[in-house]
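This is what each chain is made of:
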Amino acid sequence: MALIVFFIYNKAMTNPLEMIEQEMRDLEARLTELQRAYYLDSRSLVSDQQYDKLFDRLSHLEELYPQFKAPDSPTQRVGSDLNSDFPEFRHTIPVLSLDKAYSAQTVLDWFSKAQAKFSNNLSFVLEEKIDGISMVLYYEKGLLMHAVTRGNGIIGNEVTQNIKTMPSIPLRLNEPIDLVARGEVYLGKADFERLNSEKGEDEAYANPRNLAAGAVRRQKSSETARIPLSMFVYEGFWDGMESTDHIAILSRLKALGLPTNPHIAYFSLNASLSRQRLDEAGLNEMKALGFSDIEQYIREKTEQRKALPYEIDGLVAKVNEIRVREELGYTEHHPRWAIAYKFEAPQAETVVQSIEIQVGRTGRVTPVARVQKANVGGADIQRITLHNQQYINELELAIGDTVSISRRGDVIPAVESVTEKNNLGNTTYQMPKSCPFCGSGLVKIGAHHFCPNTQCKERVKQKLIFFCDRSQMDIEGLSTKTIEDLIKLGLIKDVPDIYTCDFKALLSVGGYGERSVSLLEKAVEKSRQNPYVKVLSSLGLPEIGKKAASTLIKGGFKDIDSLLEAASSNAIEKVTAIDQMGEKTARSLFDSLNSPQMRQLIDELRNQGLHFSEEEKQSDLEQIFSGQAWCITGSLDSFSSRELAEAEIEKRGGKAVSSVSSRTSVLLAGKNAGSKLDKASELGVKIVSEKEFLDLIGMDAASPIEPDLF
Ligand code: IVH
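This is a predicted model, so every value here is computed, not measured. (Residues numbered from 1 in each chain as written. Predicted model: local features only at pLDDT ≥ 70, side-chain atom pairs only at ≥ 80, totals over all residues. Heavy atoms only, no water.)

(A) Here's a closer look at the overall build of the chain. A count of helices and strands for the chain gives 25 helices and 23 strands. Overall, the chain is about 115 × 95 × 55 Å in size when its C-alpha atoms are taken along their principal axes. Looking at the chain residue by residue over its 710 residues, the buried ones come to 46%. Surface summary for the chain: the accessible area is close to 37,200 Å², and the carbon and sulfur share equals 51%. Charge separation in the chain, taken as the distance between the mean sites of 85 positive and 100 negative side-chain charges, equals 3 Å. (Helix = DSSP H or I, 4+ residues; strand = E, 2+ residues; numbered from the N terminus. Buried < 20%, exposed > 50% of the residue type's maximum accessible area, 1.4 Å probe, protein only. Areas by Shrake-Rupley, 256 points an atom, 1.4 Å probe, with all protein chains shown as cover. Lys, Arg positive; Asp, Glu negative; His and termini not counted. Charge placed at Lys NZ, Arg CZ, Asp CG, Glu CD.)

(B) How the structure looks around unusual backbone geometry. In this model, Asp474 sits at a positive phi of 55°, which is unusual for a non-glycine residue. Position of Asp474 among the secondary structure elements: in the loop between α14 (457–468) and α15 (480–488). A relative accessible area of 31% places Asp474 in the partly exposed class. Positive phi outside glycine occurs at Asn570, with the angle close to 50°. Counting through the fold element by element, Asn570 comes out in the loop between α19 (560–568) and α20 (572–576). Its relative accessible area of 44% is what places Asn570 among the partly exposed residues.

(C) Region of interest: the sheet that holds strand β21 (residues 655–657). Here we have four strands laid out as an open sheet, ordered β21-β20-β22-β23, and parallel in their pairing. Each end of this open sheet is capped by a strand with a single partner; those strands are β21 and β23 (686–689). Strand-to-strand twist across the sheet, computed as the mean angle between neighbouring axes with direction ignored, equals 35°. Pairing analysis gives four bridges linking strand β22 (residues 666–669) to β23, with the strands arranged parallel. The residue of β23 that forms the bridge with Val666 is Lys686. Sheet contacts for helix α24 (residues 675–683): β20 (629–633), β22 and β23; angle to β22, the most-contacted strand, approximately 145°. Here helix α25 (residues 690–697) sits on the sheet in contact with β20, β22 and β23, set at roughly 85° to β23. (Pairing = 2+ DSSP bridges. Axes fitted to C-alpha atoms, helices over the stretch in contact; angles between N-to-C directions. Contact = heavy atoms within 4.5 Å.)

(D) A look at a nonpolar patch on the surface. A cluster of nonpolar side chains, contributed by Tyr38, Tyr39 and Leu40, occupies part of the molecular surface with about 320 Å² of accessible area. Note on Tyr39: relative accessible area 40%, which makes it partly exposed. (Patch = residues over 30% accessible without salt bridge, like charges linked within 9 Å, V, L, I, M, F, W, Y side chains within 5 Å. Salt bridge = Lys/Arg side-chain N within 4 Å of Asp/Glu carboxyl O.)

(E) Representation of the sheet that holds strand β12 (residues 338–342) in the model. Ordered by their spatial adjacency, six strands build an open sheet running β2-β12-β11-β3-β9-β10, and the pairing between neighbours is mixed. In this open sheet, the two edge strands, each paired with only one partner strand, are β2 (100–101) and β10 (287–290). Helix-sheet contacts for helix α10 (residues 271–280) involve β9 (265–268) and β10, and the interaxial angle to β10 is about 145°.

(F) Local environment of the environment of Glu622. Position of Glu622 relative to the elements: it lies in the loop between α22 (596–607) and β20. Residues Glu622 and Gly329 lie 293 residues apart in sequence; the distance between their C-alpha atoms is 93 Å.

(G) View of the nonpolar core. With 52 residues, the main nonpolar core has Phe467, Ile475, Leu478, Ile498, Leu536, Leu539 and Leu552 as its most contacted residues. Beyond its immediate stretch of four places on either side in the chain, Leu536 contacts Leu541, Ala549, Leu552, Ile553, Ile560 and Leu563. (Core = buried A, V, L, I, M, F, W, Y, C linked by side-chain atoms within 4.5 Å.)

(H) Spotlight on the packing of α19 against α22. Between α19 and α22, whose axes approach to 13 Å, the crossing angle comes to 165°. With respect to α22, the axis of α19 lies roughly antiparallel. Seen from above, α19 lies across α22 with left-handed handedness. Judged by residue contacts, Ile560, Asp561, Leu564, Ala567 and Ser568 of α19 engage Arg599, Ile602 and Arg606 from α22. Its residues assigned to classes, the contact of α19 with α22 comprises four nonpolar, one polar and three charged. (Parallel < 35°, antiparallel > 145°, perpendicular 65-115°, else oblique. Left-handed = near helix turned anticlockwise from the far one by under 90°. Nonpolar A, V, L, I, M, F, W, Y, C, P; charged D, E, K, R; others polar.)

(I) Highlighting the side chain of Glu235. Here Glu235 is to be found in strand β8 (residues 229–238). Judged by relative accessible area, Glu235 falls into the buried class, the value being 8%. Leave out the neighbours within four places in its chain, and Glu235 touches Val180, Ala181, Arg182, His246, Leu253, Lys318, Arg325 and Trp337.

(J) Here's a closer look at the site of the ligand. Around the ligand, 14 residues are found, and the nearest of them are Leu98, Glu127, Ser134, Glu184 and Tyr234. Here an oxygen atom of the ligand and a side-chain polar atom of Arg182 are 3.2 Å apart. Within the side chain of Lys318, an N or O atom sits 3.0 Å from a nitrogen atom of the ligand. Coverage of the ligand by the protein amounts to 90% of the 520 Å² it exposes when considered alone. (Near = heavy atom within 4 Å. Polar contact = N/O pair within 3.5 Å; in protein donor to acceptor, adjacent residues only side chain to side chain.)

(K) How the structure looks around the pattern of salt bridges. Counted by the stated rule, this structure contains 38 salt bridges. Two residues, Asp191 and Arg194, come together in a salt bridge whose shortest N-O distance is 3.2 Å. With Asp191 and Arg194 both in helix α6 (residues 189–197), this residue pair falls three residues apart, about one helical turn. Residue Asp191 is classed as partly exposed on the basis of its relative accessible area, which comes to 24%. Residues Glu235 and Arg325 are paired through a salt bridge, measuring 3.4 Å at the closest nitrogen-oxygen approach. Residue Glu235 is located in strand β8, and its partner Arg325 is located in helix α12 (residues 322–328); the two are separated by 90 residues in the primary sequence. With relative accessibility at 6%, the residue Arg325 sits in the buried group. A single salt-bridge network, built from bridges that share partners, covers Glu127, Glu235, Lys318 and Arg325.

(L) Focus on the side chain of Asp72. Assignment of secondary structure puts Asp72 in the loop between α3 (48–64) and β1 (88–90). A polar atom in the side chain of Asp72 sits 2.6 Å from the side chain of Arg172. Residues contacting Asp72, with those up to four places away along its chain left out, are Leu143, Leu171 and Arg172.

(M) Expanded view of the pairing of strand β4 (residues 133–140). Counting buried residues in β4 gives seven out of eight residues, a clear majority hidden from the surface. When β4 meets strand β5 (residues 143–149), the two strands line up antiparallel, connected through six bridges. Looking across to β5, one finds that Tyr138 is bridged to His146. Hairpin geometry of β4 and β5 is characterised by an intervening segment of two residues between the two adjacent antiparallel strands and by a positive phi of about 50° at Lys141.

(N) Region of the structure containing the confidence of the model for the chain. Scored by pLDDT, the chain has a mean of 89; 94% of the residues are at 70 or more. A low-confidence stretch, residues 1–10 stays under pLDDT 50, and its non-local contacts, those more than four residues away or across chains, total zero contacts. Low confidence marks residues 704–710, where pLDDT is under 50. Its contacts with residues over four positions away, or in another chain, come to one contact. (pLDDT = per-residue confidence, 0-100.)

(O) Quick peek at the packing of aromatic side chains. Counted by the stated rule, this structure contains 19 aromatic pairs. Aromatic pair Tyr51 and Phe55: ring centres 5.9 Å apart, planes at 35°, arrangement tilted. Taken together, the residues Tyr51 and Phe55, both in helix α3 and four residues apart, mark about one turn of the helix. Given the relative accessible area of 11%, Phe55 is considered buried. Joined through ring pairs, the aromatic side chains of Trp110, Phe111, Phe124, Phe267, Phe291 and Tyr297 make up one cluster. (Phe/Tyr/Trp six-rings, centres within 6.5 Å; stacked < 30°, edge-to-face > 60°.)

Shown next as structure tokens:
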């Protein structure tokens, strides 16, 4: 009887597929609940193991039954290891930027003008201008379908999988509506400091925005998942939108589960009216102020800026009433109903006229922006490195764009952001497919493109320039111009040619005289005497500058042969055993040392007499044991090993031998000496005690050993 009831009761669940689907729904609900508690309230409702078990079970089922995988499945929060590109996506709303003001007074004037025009029938909000990445979220029937970068305001890049890993962004809204939300993705200051401190100096990001931009564009969403990005949503559009004002929009966005910024101030005729409106909308955490408080509020906010846990680069003033917004309308680029107050004037604004490609000695290809000359902090800037394609993508930079530029660390020019897209139809710049100097197809390694052709004339020229540089082999007179002339004349094709070249041929070219040619010849001759450390660091081995070269030598690689041997046998551990030498450096060093081109370069330079080993330093010690053969026997108290005593003998010109013969000059006899002592006395070999030996070499005896207790 009980069995029949069970079957009847379970009728709906007798289909195993249905049961699986139900299990998946249950797991999704539970995991979503656990994730919310964990990420948003910092509470763990279950142990890590229990969580992992549920998570793994759902992932497993999703793999087996992809047809049941929910579009808002909580498994997406950890991202995927699959590479994804970022397809273009046409925005359904124009994604405009804001007009800018650089003084609080401009904002106040803007307020007054609007008030006068609408005879006080309007109110305002002042929001923080979050210094992050502009993002547009597209929800369909309440499900997050697309997350898209701003791009040129019309077309952006879809980065949905990456954005889905962000815990604060709902994958499903609290209502099944179609909605577009605009906001800013950002990284907190503390997280930025922590992540950046784990990076090497070269790889460190300049500011949280750049790190966040990189995170948003990671090829693997599992990597984005590891970066604790946040978002504030500040504008929303949905079907049948009837909102009367911005406050109502924010209230709705919040109720739908989207992250809104609580640090917003609302200004109307007076503070209590403002409070009333905010409370009505359920936005109690926002600040309620009167028009007369605007100036004071801007001042306060500017001062508090440093104490905020995330970076803001200004404030955004917005008209609150939608009706007034519509009346004020838009210019081509900005709404007239909002204005951004930027705390600091950008260092300079200029236009990117072209992007040039540089090829370095290692083949690394670097895009460089040529901009309309602009003065930043007293220096005229015309060329700015753009590093690589990824950097350009993060900026969404195209030729013709207006950019805000700065000087990083007050020195290196950098493009901070695109402030105005070009209207020439240019889209984000793409690196060429082939080397502009030799035509070889470029290859991508990590974030950079490389020209793989070791004979590429630009690479060779850069190699020569580097080799002759003042901080390298220091060949005075072999300037970039002279190197170019020598290449043109066909006198130099590669580095070793410097040492066989007949510089007199330069006399046929204008600008060179007997005297300059003779100075050049002398400088080249002089460079033959450079010590090994200089030669090693001038070979162009990756990551081996002067400091690393000296570390390698001090670490035991006293000549190039020991280094080549370690490279041939791939003995990475011999390099990593040296303090400050990491595995990455060791591998790239070995790769380069094992290449036929590098071997040939080393051989040819060696044939030219360059130093490839560290000169042994002559000992300063008096050579009191010169010509003597010393043998050691028994145990020594003052030396932890016999080798150390032998070293002392050798430093003073003596030779250490292992057995006593008639040719042995001295026997150093320690404690418990055995047969060697007998033999020495037999042969009449001079015998010295450890104490006498220490006296001879001027060393103190070790502190007496503890007397035996037994
Ligand atoms: S409103 C039409 N509000 O600043 C509405 N923008 O050019 C335009 N931003 O691209 C945006 N915080 O990426 C708005 N509270 C905020 C903002 C904000 C940061 C960014 C946004 C925009 C840029 C201004």
